[in-house]
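An overview of the molecular structure
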Amino acid sequence: MNISYNWLKDYLSFDLTPGQLSDALTSIGLETGGIEEVEAIRGGLKGLVIGQVLTCEAHPNSDHLHVTTVDLGAGEPQQIVCGAPNVAVGQKVVVATPGTILYSGDESFTIKKSKIRGVESNGMICAEDEIGIGDSHEGIIVLPDATATGIPAKEYYKIESDFILEVDITPNRVDAASHYGVARDLAACLQAQGKEIQLKKPSVDAFHIEDPVPAVTVIVENTIACPRYTGVTIKNVEIKESPSWLKNRLEAIGIRSINNVVDVTNYVLHETGQPLHAFDLRQIKGNQVIVKTLPEGTPFVTLDEVERKLSDKDLMICSAEGGMCIGGVFGGWDSGVTETTRDVFLESAYFNPTWIRKTARYHGLNTDASFRFERGADPNHTLYVLKRAALLIKEVAGGTITGEVQDVYPHPVLPAIVELNLRKVSNLIGKHIPDNLIEKMLNGLEIEILNKHDDSWRLSIPTYRVDVTRDVDVIEDILRIYGYNQIETGEELHSTLSYQTPTDRSYKLQNIISEQLTGAGFNEILNNSLTSGSYYAGLTSCPEIHCIQLRNPLSADLDVMRQTLLFGGLESIVYNRNRKNADLKFYEFGNAYFHLPERLKENNYLTAIKEEYKLALWLTGNSTLNNWMRPTEKTSVYELKAYVENILLRMGLPLKKIVYKPWSDDLLAAGLAIETHSGKQLGVLGVVQNAVCKKFDIPVEVYFAELNWEALMKENKPAQVKYSEISKFHPVKRDLALLLDKAVPFAEIEKIAYQTDKKILKEVSLFDVYEGKNLPEGKKSYAVSFTLQDEEKTLNDKQIDSLMIRIQKNLEEKTGAQLR
């Protein structure tokens with residue numbers, strides 16, 4: 001938001017430089033991002049002085065040039081060649097001295113000493129258009145005889161530079177989205193510093209009804225969307241160009257001048273923060289303004305000449321015959337003020353922030369009015385602003401204020417009441433601030449003290465502060481105005497010992513795993529939590545009923561919250577494949593969301609919401625490309641499984657504690673479920689179903705793993721790093737060739753083996769799988785290696801054979817395995 005340095009001084013007399021003002025605003029929470037000098041006339045008339053023509057003779061080598069001698073008020077008179085037909089002796093003129101830069105549109109040129117047809121010229125006598133104060137080029141500027149010679153033209157024309165401060169306000173501080181709002185905060189700050197300054201609010205005492213003849217009446221059908229609507233009629237206005245003071249004010253902050261009436265509404269908006277709208281009275285059919293909604297799909301052409309289809313939730317300002325304006329957002333094409341307008345109806349209203357925000361988002365509009373209304377305007381300020389604007393319109397456009405002021409305000413908004421305890425103020429701020437200084441700051445912020453009782457003050461919060469509803473909000477304002485930098489650190493520092501929370505541990509481990517995956521060639525992606533509901537149509541693993549639907553989605557492709565990270569990754573794969581990048585390794589940390597209707601309690605929608613933090617991995621394309629060392633190798637589900645196991649190991653989860661079980665659903669084929677021995681699922685991995693890939697136009701296999709990060713963190717929590725000496729006794733390996741049913745996974749063999757012995761059995765590994773000839777139907781052969789080691793002594797054959805017999809027996813009993 002742009003704030004004019006000179007404009008602020010209309011409400012507050014201060015001696016701060018623009019730089020000091022920037023620092024002061026930043027210190028009270030109105031952070032200033034930059035300062036830019038703005039000149040009312042480009043170049044600021046620098047180098048131009050007022051001179052007097054002493055002599056004027058015809059040029060010896062020209063029939064239209066003159067050779068003049070001009071007194072510039074200091075030094076010797078200067079000879080200047082002039083081509084203007086109206087130059088004469090005794091005139092007071094504007095002279096551009098050598099070195100002066102003059103501007104013409106986007107171009108500029110520098111005045112130099114030169115010879116014009118053989119005669120020396122030491123400057124230029126200027127016309128209006130040459131210095132930017134007008135459009136005339138019929139002759140040079142001739143000033144009144146009483147004008148002092150030698151004074152700068154800038155001083156004569158009273159040209160002053162302005163400075164524009166770029167103020168960044170937080171969403172809760174819409175009260176500071178105006179020059180008066182910023183001046184109010186600045187006044188409170190300077191008063192707290194002991195400076196005797198007063199905030200000057202423009203008076204509206206001169207407002208009165210000049211013609212009592214009834215004009216426009218207002219009917220508000222929807223008082224929830226429009227709690228207050230005020231308006232007044234002004235007849236016989238003259239639409240013309242705005243005076244220079246008004247144009248300069250608006251153009252300095254980047255607002256284009258349109259005409260005097262529209263410019264007043266923009267001026268008052270940026271002065272007070274209250275949006276206004278001026279209607280051409282001819283377009284208010286039936287002399288009635290009706291505030292209501294229109295049927296869904298009603299066409300309406302806005303000021304930008306775009307036809308929009310209205311929602312039945314759009315609040316419209318209508319005449320007796322139809323819509324004229326989208327209330328609080330955008331005006332209509334044929335109801336605004338034009339050069340032919342003679343009578344206007346001026347609107348100053350308060351609209352429900354929720355209604356305005358939804359309408360602005362629905363139509364993709366973001367205007368100065370909607371920006372303020374959707375953050376919360378002041379409902380008790382509309383009448384003052386209406387009077388202020390009406391008086392300014394009379395000043396710049398004439399006219400007669402006609403009929404009674406229309407003010408529909410059925411349910412007045414009362415100021416919030418807050419109990420402030422001064423001891424709590426000291427405790428929260430960490431410093432005692434004198435009571436009289438607190439009172440001065442509150443008065444500066446227009447917060448009224450209703451009564452005082454010991455350390456407890458009862459406060460009335462003005463309705464312009466929509467964000468102040470609690471005592472801590474008031475304390476924040478006190479600290480803000482007092483100054484954060486004035487809170488000293490005492491000699492004693494009271495603090496709690498720092499400790500690591502589960503969130504800290506999770507964040508640290510995420511960084512560790514991210515570094516590991518990045519080092520393995522993965523790229524991290526970050527996808528939108530909003531996705532298309534069509535992805536979940538017909539799924540059983542992620543049923544559509546469990547999707548959290550958006551009530552007002554931005555588009556049909558972003559209408560639900562994701563249940564799985566899979567689809568976002570597939571979109572990223574498609575994006576990259578379309579750009580000739582087909583060999584991909586992606587990972588993502590993100591939330592998945594579920595709506596579980598069976599968990600709904602007492603109509604509290606949040607009880608039916610479940611949120612899970614996930615880690616997902618995607619592999620597709622080639623793992624290595626053909627080179628002199630090795631041929632091209634495609635990625636595989638086994639490579640993905642290795643990456644997953646490396647993650648588990650890095651998180652301190654021994655693979656002995658992990659069980660893999662066959663898994664397949666409508667998203668994954670030939671997959672594995674990753675579980676603990678107790679049956680808790682940690683995640684799944686596998687090949688993405690062909691049907692899913694085809695839906696995304698991906699013609700190759702994609703391998704996907706999704707881990708439940710919160711479940712991993714719970715398994716990680718009790719893990720401790722322990723060291724043990726390297727055993728002095730050699731390990732022993734024994735192999736078994738087992739004939740098994742095809743349905744028996746290796747994980748089951750591994751589980752039974754570790755259940756048989758937990759002391760000397762160190763490792764179980766599968767080194768060969770055979771299916772084919774010479775085996776019975778439905779059977780397969782596993783070659784399994786068992787590593788045995790005693791940490792305290794050398795194993796003998798009796799111990800080894802005894803254990804292997806027990807393992808073999810258990811496998812035979814529990815899986816039906818046979819020794820080949």
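Scroll up for the structure.
All figures in this text were calculated on a predicted structure; none of them were measured in a lab. (Residues numbered from 1 in each chain as written. Predicted model: local features only at pLDDT ≥ 70, side-chain atom pairs only at ≥ 80, totals over all residues. Heavy atoms only, no water.)

**A look at the overall build of the chain**
Across its full length, the chain holds 20 helices and 42 strands. Taken over C-alpha atoms, the radius of gyration comes to 40 Å for the chain, far larger than the 28 Å a tight globule of 820 residues would show. Taken over the C-alpha atoms alone, the chain extends approximately 130 × 75 × 70 Å along its principal axes. Burial statistics for the chain: of 820 residues in total, 48% are counted as buried. A fraction of 69% describes how many contacts in the chain between residues 6 or more apart in sequence connect residues 24 or more apart. Separation of charge centres in the chain, based on 87 positive and 111 negative side chains, amounts to 9 Å. (Helix = DSSP H or I, 4+ residues; strand = E, 2+ residues; numbered from the N terminus. Rg over C-alpha atoms; globule rule 2.2 N^0.38 Å. Buried < 20%, exposed > 50% of the residue type's maximum accessible area, 1.4 Å probe, protein only. Contact = heavy atoms within 4.5 Å. Lys, Arg positive; Asp, Glu negative; His and termini not counted. Charge placed at Lys NZ, Arg CZ, Asp CG, Glu CD.)

**Looking at the packing of helix H14 (residues 502–519) against helix H16 (residues 637–650)**
At a minimum axis separation of 11 Å, H14 and H16 run at an interaxial angle of 145°. By crossing handedness, the relation of H14 to H16 is classed as right-handed. Residues Ile-512, Ile-513, Gln-516 and Leu-517 of H14 form the contact with H16, whose own contacting residues are Asn-646, Ile-647 and Arg-650. In terms of residue class, the contact of H14 with H16 is made up of 4 nonpolar, 2 polar and 1 charged. (Axes fitted to C-alpha atoms, helices over the stretch in contact; angles between N-to-C directions. Left-handed = near helix turned anticlockwise from the far one by under 90°. Nonpolar A, V, L, I, M, F, W, Y, C, P; charged D, E, K, R; others polar.)

**Concerning a nonpolar patch on the surface**
Nonpolar side chains collect at one region of the surface, where Val-301, Leu-303 and Trp-333 lie side by side and expose about 270 Å² of accessible area between them. Its place among the elements puts Leu-303 in the loop between strand E17 (299–301) and strand E18 (307–309). (Patch = residues over 30% accessible without salt bridge, like charges linked within 9 Å, V, L, I, M, F, W, Y side chains within 5 Å. Areas by Shrake-Rupley, 256 points an atom, 1.4 Å probe, with all protein chains shown as cover. Salt bridge = Lys/Arg side-chain N within 4 Å of Asp/Glu carboxyl O.)

**Comments concerning H16**
Because an α-helix packs 3.6 residues into every turn, residues spaced three or four apart end up facing the same way. Here H16 contains 14 residues, and its C-alpha end-to-end distance of 20 Å stays within 8% of the 20 Å for a straight helix at 1.5 Å per residue. Taken residue by residue, H16 has Val-637, Glu-639, Leu-640, Tyr-643, Val-644, Glu-645, Ile-647 and Leu-648 as its buried positions. (Expected span 1.5 Å × (residues − 1).)

**A closer look at the packing of aromatic side chains**
Evaluated as defined, the whole model comprises 16 aromatic pairs. Taking the centre distance of 6.1 Å and the plane angle of 10° together, the rings of Phe-567 and Phe-696 count as stacked. In this pair, Phe-567 is assigned in helix H15 (residues 566–577) and Phe-696 in the loop between helix H17 (690–695) and strand E38 (702–708), connecting sequence segments 129 residues apart. Phe-696 shares its class with Phe-567; the two are buried. Relative to Phe-704, the ring of Trp-618 lies with its centre 5.4 Å away and its plane at 45°, an arrangement referred to as tilted. A residue pair is termed long-range when its members are at least 10 positions apart, and Trp-618 in strand E32 (residues 609–620) and Phe-704 in strand E38 qualify at 86 residues. Since its relative accessible area comes to 1%, Trp-618 is described here as buried. You can call Phe-704 buried: its relative accessible area is 3%. Clustering of aromatic rings is evident, with ring pairs tying together Tyr-535, Tyr-536, Phe-567 and Phe-696. It is Lys-452 that lies over the ring of Trp-457; its NZ or CZ is 4.7 Å from the centre. (Phe/Tyr/Trp six-rings, centres within 6.5 Å; stacked < 30°, edge-to-face > 60°. Lys NZ or Arg CZ within 6 Å of the ring centre and 35° of its normal.)

**A short note on the sheet that holds strand E24 (residues 416–421)**
Strand order in the open sheet formed by 3 strands is E24-E26-E25, with antiparallel pairing between adjacent strands. The open sheet is flanked by E24 and strand E25 (448–453), the only strands paired with a single partner. When strand polarity is set aside, the average angle formed by the axes of neighbouring strands in this sheet is 20°. Most of the contacts of helix H12 (residues 435–444) go to strand E26 (residues 456–461), to which it runs at about 10°, and overall it touches E24, E25 and E26. This element, helix H13 (residues 471–482), spans E24 and E26 of the sheet and lies at about 70° to E24. (Pairing = 2+ DSSP bridges.)

**Here we look at the state of the cysteines**
With the rule as written, the count across this model stands at 0 disulfides. Of all cysteine sulfurs in the structure, the one in Cys-82 sits closest to Cys-56, which takes part in no disulfide; the separation is 7.5 Å. (Disulfide = S-S within 2.5 Å.)

**Here's the deal with helix H7 (residues 260–272)**
Over its 13 residues, H7 runs 18 Å from end to end, which matches the ideal 18 Å to within 8%, given 1.5 Å per residue. Extensive coverage of H7 is indicated by the burial of 13 of its 13 residues. Sitting at the head of H7, Asn-259 places a side-chain oxygen 3.2 Å from the backbone nitrogen of Val-261. Gly-273 sits one or two positions beyond H7 and adopts a positive phi of about 90°. (Polar contact = N/O pair within 3.5 Å; in protein donor to acceptor, adjacent residues only side chain to side chain.)

**Looking at the pattern of salt bridges**
Inspection of every chain in the model, using the stated rule, returns 36 salt bridges. For Asp-175, the salt bridge is made with Arg-465, and the minimal N-O distance between the two is 3.6 Å. With Asp-175 in the loop between strand E12 (162–168) and helix H5 (179–192) and Arg-465 in the loop between E26 and H13, this pair connects stretches of sequence that are 290 residues apart. Accessibility expressed as a relative area gives 7% for Asp-175, which makes it buried. By relative accessible area, Arg-465 is classed as buried at 5%. Of the charged contacts, one joins Asp-304 and Arg-308 as a salt bridge, the two residues approaching to 2.6 Å between their closest N and O atoms. Judged by relative accessible area, which is 35%, Asp-304 ranks as partly exposed. Each of the salt bridges in this network shares a partner with another, and the network as a whole consists of Arg-173, Asp-175, Asp-185, Arg-465, Asp-467, Asp-477 and Arg-480.

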